[in-house]
Number of protein chains: 2
Amino acid sequence: MTTIYDRDLDKTPANYEPLSPLSFLRRTAEVFPHRLAVVHGDWRYDYATLYMRCRRLASALARRGIRRGDTVAIIAANTPAQLEAHFGVPATGAVLNAINTRLDAAAIAFILDHGEAKVLMVDREFAPVAEAALAQAKNKPYVIDIDDAAVTAGERIGAIEYEDFLKLGDFEYPWQGPLDEWDAISLGYTSGTTGNPKGVVTHHRGAYLNAMGNAVTWNLPKHPVYLWTLPMFHCDGWCFPWTITMLAGVHVCLRRVDPAAIFDSFVHLGVTHFCGAPTVLNMLINAPAEVKARLKPGVKCMTAGAAPPAAVLAAMDDMGFDVTHVYGLTEVYGPAVVCDWHDEWDALPLPEKAAMKARQGVRYHVEEDVTVLDPQTLQPVPADGETMGEIMFRGNVVMKGYLKNPKATQEAFAGGWFHSGDLAVLHPGGYMQIKDRSKDIIISGGENISTLEVEGVLYMHPDILEAAVVARPDAHWGETPCAFVTLKNGAALAADQSGSDAIIAFCRERLAKFKCPKTVVFGDIPKTSTGKIQKFELREKAKALP
Amino acid sequence: MTTIYDRDLDKTPANYEPLSPLSFLRRTAEVFPHRLAVVHGDWRYDYATLYMRCRRLASALARRGIRRGDTVAIIAANTPAQLEAHFGVPATGAVLNAINTRLDAAAIAFILDHGEAKVLMVDREFAPVAEAALAQAKNKPYVIDIDDAAVTAGERIGAIEYEDFLKLGDFEYPWQGPLDEWDAISLGYTSGTTGNPKGVVTHHRGAYLNAMGNAVTWNLPKHPVYLWTLPMFHCDGWCFPWTITMLAGVHVCLRRVDPAAIFDSFVHLGVTHFCGAPTVLNMLINAPAEVKARLKPGVKCMTAGAAPPAAVLAAMDDMGFDVTHVYGLTEVYGPAVVCDWHDEWDALPLPEKAAMKARQGVRYHVEEDVTVLDPQTLQPVPADGETMGEIMFRGNVVMKGYLKNPKATQEAFAGGWFHSGDLAVLHPGGYMQIKDRSKDIIISGGENISTLEVEGVLYMHPDILEAAVVARPDAHWGETPCAFVTLKNGAALAADQSGSDAIIAFCRERLAKFKCPKTVVFGDIPKTSTGKIQKFELREKAKALP
């Protein structure tokens, strides 16, 4: 029904603008033009320069014919070019497809064909795999080399170098925001442990909102000094290219996660904030004492990407880091759930405090709903800390869908919720805790076993550096837990039957018997570039065990 | 042109929700149900209770037939009912019309008729004026009394008392967000110094964005303790009912601006943040020393509503307040411009520092553009600190328009910009500074005189408590500056010709001769309820001077 408020009160150019995180760069360049924006080795430049370079990139792409809805792909480390692509590419109306640098040529070829990239920017370090991918792909994008001075290996394989390409663009290019805030801003392929990866499409509206959501949730100050430990190709760096720019902070680039470089950055660059997967935190915890001595207390760290064991969170806390635990997926722009801390939890005994922090928590302010539902009935599970259901999201920080895959999109959004595939419980008070990925859960003698719960116990063992638990097929039980374990240097345990027995005994003291590993395998644990343990590979290994 | 990103990637209930600040209350009530939400005298309650009470209000209104696009008006001080109305009313789809409590009966009657209020909530203190207004108005809304225990005067004039009305509602009422984020959330009448006031209509999208904008711009922490010095009927309390709720902070209600109560709240309630017009700051600066002794340094204050003289900002700074200067209008949801501080300004000598802080500044992160344009050509004025133009806004934090007034709306939005009516210069670096309201500027012998500039000098005089300058008609010059001045208690100056001469001499030392007042009038200065000086009245007085 039309009311008095529906008449003569329409949208006009004065009072409506599509939301886009691109507008943050213009504001910061106008308000703080001479503040430091980017540090990359010895190279530093300010926001006036960053804005000018992004405008040149947009202009040069537009002059090459890049238009709204075209795809521009990039394979690069966390460099200025990667950061600039997060502004310059969408500023043409095109969609940024930041490709995981650890993928093999076949996977990259699939992505180039499926995403129909018209341009591919290639960091010299990744030229060999990109060249092989281009040879396999049917699609032949225009290739731009990124000849980063910090890289000596790798050939140039493109038509032009990035800095020369920028020179073709107008540094005063008057970019327009998106036609519609629902327009795509980014295309990111899920790691897809089976079959071909799916292309997650996100939009300007969601990127704008989650960029603000990060600032509010993490209570980020003006001018944070942010270290790029998290790959920008991972859910667009969880929207932090836009968040840090909005706050006129410093982007400290980092090509490679290296504990010595990270600790150095706290002292020499005054880094105040960084993000990383639990495996990154584990590297910091296990760094040599002389490296760790360089930490100034109070550095803030946001972690996600895999459920961090409570022991890892407690160790970070002990070192003086201020850790915020978040959770999300590519489909929800990176983090969209936070373990929003209650002051009264500070007074809990350490193990309980760490257990609280290990919970995934509650929705971001900008997400409408995140909860744990029965995947069949879509009814909420009771908040009893025991009943498992699937984590589901609803709101503005959920992807547009999967590119050219309406079936997968419809399945993912069935019943009006985005189905995460993560199994969790709701604790009293409404904080959720992940128990497992749907596909990772072990069913042994009809009982569900959360591999994360078993891993949490393994990480408490003083000799264990890393641990992962998967299902091993078993004639009698159906499946049994199989633990893959990496021991620390100088561990008292031996990597043999005696060590295996000791670990199983350690678990028996802390877990119900049916949850304890029946098998322990020592050795390195395969991980994705973002630090996620590749359980798919481990399951294959467990299946092949004699 | 349709691209691959426009196919099979539509909005669904899983990935699209109209933006609304109502969602912040639900989140906070779910995540921090037992945190203190509201303090009103001895009465305190938590977020679970606030949410329940707002749901009851929404439910009771809906049961009385209130629907989308209906108007619900309120005349109240900063009480729990006023805060709850900011959630409970829009939760029914209705539009909240918070009426300025200082208006006379005729103005309120006009508003009730023009806004077509179906319900009117009346705080007992304002029952007499409300009763007179209802007698004059053609519209006869359903009247609810708010019988605040803190008020003893005033009769009940309504059909039911607020607390009884709440009991008619369901505390589990499953409210829905708006159908569309462009739906109206609030109707606020401008003070309109001439003719009838205009009804500014704002929407859920803008209220959501500016609620977040306040948090990012002011870098608000989690759980701020916020004192309600600013009337909530003034641009919906600059969106702070929603901002403070989003951050799970404490709303400390305050019926009346009283320096002793304000300083007490710092000590006894741990107030960390408050907002107020420059006249409120002036009251704090001029409070007795024993009252001021109760200040703890570091309390954060946001000021706007009239351009604060540099001397007032400097005095607040001296007392240990941390002042953020913002600027806005009802049409832009309250503040939408901030004097975004540069660290290097800390090192400036005090007078220059105060002059920097007196600048209005730059746009909020959530506003698309705010700048100073030539009102004829809509071209930007040069950033020379001298050329005057009109401040204009563009973006998502601009009203829908004026209710039932398409002509005024079109004029306000002419050329794709909202015309503020405030005259300003752009300084090098892009920070704007208001010189005057278009209607306040004095034109003397063909020269423009900024009344704010003259007032800034008057406020430097140690004997002057308040000052306002307006045009006085003059046969020779056209207009000349006429100063209205209130002296401090115990001032050395006398309120006679000798005082007048001394003040003019003081100005001559600091201003070009043509800018100095020709006339000085001693006495009280009339102000609106929000602390804005009523220059219209002063102009009438100046005109009538013998």
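Residues numbered from 1 in each chain as written. Chains lettered and ligands numbered in written order. Predicted model: local features only at pLDDT ≥ 70, side-chain atom pairs only at ≥ 80, totals over all residues. Heavy atoms only, no water.

## Focus: the domain arrangement of chain A
How large an interface is tends to be reported as the accessible area lost when its parts come together. All names here are of chain A. Taken domain by domain, chain A holds domain 1 (45-204), domain 2 (257-437) and domain 3 (442-544). Centre-to-centre, using C-alpha coordinates, domain 2 lies 22 Å away from domain 3. The interface is formed by 13 residues belonging to domain 2 together with 16 residues belonging to domain 3. Summing the contributions of domain 2 and of domain 3, the shared interface buries around 1100 Å²; its carbon and sulfur component is 60%. At the surface where domain 2 touches domain 3, the tally comes to zero salt bridges. There are three residue pairs in polar contact (both at pLDDT 80 or more) connecting domain 2 and domain 3. Those elements that place two or more of their residues in the side of domain 2 that touches domain 3 are helix H11 (278-285), helix H13 (310-319) and strand S21 (432-437). Top contributing element to the side of domain 2 that touches domain 3 by residue count: S21, with three residues. Of the residues assigned to the side of domain 2 that touches domain 3, the class counts are seven nonpolar, four polar and two charged. (Domains from an automatic or database assignment. Contact = heavy atoms within 4.5 Å. Buried area = accessible area lost by both parts, 1.4 Å probe. Salt bridge = Lys/Arg side-chain N within 4 Å of Asp/Glu carboxyl O. Polar contact = N/O pair within 3.5 Å; in protein donor to acceptor, adjacent residues only side chain to side chain. Helix = DSSP H or I, 4+ residues; strand = E, 2+ residues; numbered from the N terminus. Nonpolar A, V, L, I, M, F, W, Y, C, P; charged D, E, K, R; others polar.)

## A closer look at the interface of chain A and chain B
In this assembly, 81 residues from chain A lie in contact with 81 residues from chain B. Here chain A packs against chain B, burying approximately 6500 Å² in sum over the two surfaces, 52% of which is carbon and sulfur. Summed over the three residues of chain A that lose the most area to chain B, namely Tyr5, Leu9 and Arg27 of chain A, the buried surface amounts to 12% of that side. Summed over the shared surface of chain A and chain B, the number is 16 salt bridges. We note a salt bridge from lysine 222 of chain B to aspartate 340 of chain A, for which the minimum N-O separation is 2.6 Å. There are 44 residue pairs in polar contact (both at pLDDT 80 or more) connecting chain A and chain B.

## Thoughts on the pairing of strand S12 (residues 273-276) of chain B
All names here are of chain B. Side-chain alternation along S12 places His273 and Cys275 on one buried face and Phe274 and Gly276 on a second face that is also buried. With two bridges joining them, strand S10 (residues 225-227) and S12 adopt parallel strand pairing. In the sheet register, tyrosine 226 faces S12, and the bridge partner there is histidine 273. Where S12 and strand S13 (residues 300-303) come together, four bridges link them in parallel fashion. (Buried < 20%, exposed > 50% of the residue type's maximum accessible area, 1.4 Å probe, protein only. Pairing = 2+ DSSP bridges.)

## Brief notes about the sheet that holds strand S2 (residues 43-46) of chain A
What holds strands together in a sheet is hydrogen bonding between their backbones, with the strands either parallel or antiparallel. A sheet is described by the order of its strands in space; here nine strands give the open sequence S2-S1-S11-S10-S12-S13-S14-S15-S16 (chain A), paired in mixed fashion. Whereas interior strands pair on both sides, the edge strands pair on one side only; in this sheet they are S2 and strand S16 (362-363) of chain A.

## Regarding the sheet that holds strand S16 (residues 362-363) of chain B
If you trace the nine strands from one edge of the open sheet to the other, you get S2-S1-S11-S10-S12-S13-S14-S15-S16 (chain B), paired in mixed fashion. Edge positions in the sheet fall to strand S2 (43-46) and S16 of chain B, since each has one partner strand and no second.

## Re the packing of aromatic side chains
Think of a pair of aromatic rings as described by two things: how far the centres are apart, and how the planes are tilted against each other in angle. Counted under the stated rule, the structure contains 36 aromatic pairs over all chains. A ring pair is formed by tryptophan 345 of chain A and tyrosine 431 of chain A, whose centres lie 5.3 Å apart and whose planes are at 80°; its orientation type is edge-to-face. Of this pair, tryptophan 345 of chain A sits in the loop between strand S15 (334-338) and helix H14 (350-357) while tyrosine 431 of chain A is found in the loop between strand S20 (418-426) and S21, placing the two residues 86 residues apart along the sequence. You'll find tryptophan 345 of chain A and tyrosine 431 of chain A in the same group, each marked buried. Pairing phenylalanine 24 of chain B with tyrosine 208 of chain B gives two aromatic rings, centres 4.9 Å apart and planes at 25°, and the pair type is stacked. Taken together, the residues span a long stretch of sequence, with phenylalanine 24 of chain B in helix H1 (residues 22-31) and tyrosine 208 of chain B in helix H7 (residues 204-217) at a distance of 184 residues. On the basis of relative accessible area, tyrosine 208 of chain B is assigned to the buried category, the value being 3%. Within the aromatic cluster, the residues linked to one another by ring pairs are Trp218, Tyr226, Trp228 and Phe240 of chain A. A cation over an aromatic ring shows up here: arginine 64 of chain A above the ring of tyrosine 142 of chain A, its NZ or CZ 3.5 Å from the ring centre. One Lys or Arg, lysine 357 of chain A, reaches over the ring of tryptophan 341 of chain A and ends 4.9 Å from the middle of that ring. (Phe/Tyr/Trp six-rings, centres within 6.5 Å; stacked < 30°, edge-to-face > 60°. Lys NZ or Arg CZ within 6 Å of the ring centre and 35° of its normal.)

## A few points about empty space enclosed by the protein
All names here are of chain B. Under the counting rule described, the total for this entry stands at seven cavities of 30 Å³ or more. Around the largest cavity sit 13 residues that line it, and Ser186, Gly188, Cys235, Asp236 and Thr330 are the ones nearest its centre. Secondary-structure elements contributing two or more residues to the lining of the largest cavity are strand S8 (184-189), strand S9 (199-203) and helix H8 (235-238). A total of three residues in the lining of the largest cavity trace back to one element, the largest contributor, which is S8. (1 Å grid on protein atoms, 1.4 Å probe; cavity = no way out; pocket = protein on both sides within 12 Å on 5 of 7 lines; lining within 4 Å. Points joined across faces, edges and corners; volume = space filled by probe spheres on them.)

## Structural notes on the environment of alanine 117 of chain A
Residues and elements named next belong to chain A. Relative to the elements of secondary structure, alanine 117 occurs in strand S5 (residues 117-123). Among the residues examined, alanine 117 registers a relative accessible area of 2% and is labelled buried. Taking the C-alpha atoms as reference points, alanine 117 and tyrosine 431, separated by 314 residues in sequence, lie 41 Å from one another. Leaving out residues up to four positions away in the same chain, alanine 117 has contacts with Thr71, Ala73, Leu112, Asn139 and Pro141.

## Here's the deal with the relation of the copies chain A and chain B
The transform that puts chain A on chain B rotates by 180° and translates by 0.0 Å along the axis, for an RMSD of 0.0 Å. Taken together, the turn and the small shift mark the pair as related by a two-fold rotation axis. The residues that chain A uses at the interface reappear at the interface of chain B in 100% of cases, marking a shared surface. (Least-squares fit on C-alpha atoms with pLDDT ≥ 70 in both.)

## Some points on the packing of H1 of chain B against helix H2 (residues 47-63) of chain B
All names here are of chain B. Across the interface, H1 lies against H2 with an axial gap of 8 Å and an inter-helix angle of 140°. One way to sum up the angle between H1 and H2 is to call them oblique. Read as a crossing pair, H1 and H2 show a hand that is left-handed. Residues Leu25, Arg26, Thr28 and Ala29 of H1 form the contact with H2, whose participating residues are Tyr47, Leu50, Tyr51 and Cys54. When its residues are assigned to classes, the contact of H1 with H2 shows six nonpolar, one polar and one charged. (Axes fitted to C-alpha atoms, helices over the stretch in contact; angles between N-to-C directions. Parallel < 35°, antiparallel > 145°, perpendicular 65-115°, else oblique. Left-handed = near helix turned anticlockwise from the far one by under 90°.)

## Brief notes about the side chain of glutamine 433 of chain A
All names here are of chain A. Tracing the backbone shows glutamine 433 in strand S21. Owing to a relative accessible area of 18%, glutamine 433 belongs among the buried residues under this scheme. A distance of 2.8 Å separates the side chain of glutamine 433 from the side chain of histidine 427, its partner in a polar contact. Leave out the neighbours within four places in its chain, and glutamine 433 touches Ala358, Arg359, Gln360, Leu423, Ala424, Val425 and His427.

## Regarding the pattern of salt bridges
Pairing between side chains of opposite charge can happen when the charged atoms of each approach one another. Considering all chains together, one arrives at 64 salt bridges over all chains under this definition. A salt bridge links arginine 27 of chain A to aspartate 340 of chain B; the nearest nitrogen and oxygen atoms lie 3.1 Å apart. Of this pair, arginine 27 of chain A sits in helix H1 (residues 22-31) while aspartate 340 of chain B sits in the loop between strand S15 (334-338) and helix H14 (350-357), which puts the two residues in different chains. The class for arginine 27 of chain A is buried, based on a relative accessible area of 1%. By relative accessible area, which is 6% here, aspartate 340 of chain B ends up buried. A single network of salt bridges, built from pairs that share partners, joins Glu17, Arg26 and Glu30 of chain A together with Glu368, Asp369 and Arg394 of chain B.

## Describing the side chain of histidine 461 of chain B
Within the secondary structure, histidine 461 of chain B is located in the loop between helix H16 (451-458) and strand S24 (464-474). Among residues more than four places away in sequence, those in contact with histidine 461 of chain B are Leu493 and Phe506 of chain B.

## A closer look at the packing of helix H7 (residues 204-217) of chain A against H7 of chain B
In contact at an axis separation of 10 Å, H7 of chain A and H7 of chain B are set at 35° when each is read in the N-to-C sense. The hand of the H7 of chain A/H7 of chain B crossing is left-handed. Contact with H7 of chain A, carried on its side by Arg205, Tyr208, Leu209, Met212, Ala215 and Val216 of chain A, involves Arg205, Tyr208, Leu209, Met212, Ala215 and Val216 of chain B of H7 of chain B and no other residues of that element. Classifying every residue of the contact of H7 of chain A with H7 of chain B by side-chain character gives 10 nonpolar, no polar and two charged.

## Considering the environment of leucine 179 of chain A
All names here are of chain A. Residue position: leucine 179 is located in the loop between helix H6 (162-167) and strand S8 (184-189). Separated by 54 residues in the primary sequence, leucine 179 and glutamate 125 place their C-alpha atoms 36 Å from one another. Among residues more than four places away in sequence, those in contact with leucine 179 are Pro18 and Arg68.

## Description of the nonpolar core
Counting 100 residues, the largest nonpolar core has Trp175 and Phe240 of chain A together with Phe240 of chain B as the members making the most contacts within it. With near-sequence residues (within four places) excluded, phenylalanine 240 of chain B lies in contact with Asn214, Trp218, Leu220, Tyr226, Trp228, Thr245, His251, Cys275 and Met302 of chain B. Val252, Phe266, Leu281 and Leu511 of chain A belong to the second largest nonpolar core, which has 48 residues in total. (Core = buried A, V, L, I, M, F, W, Y, C linked by side-chain atoms within 4.5 Å.)

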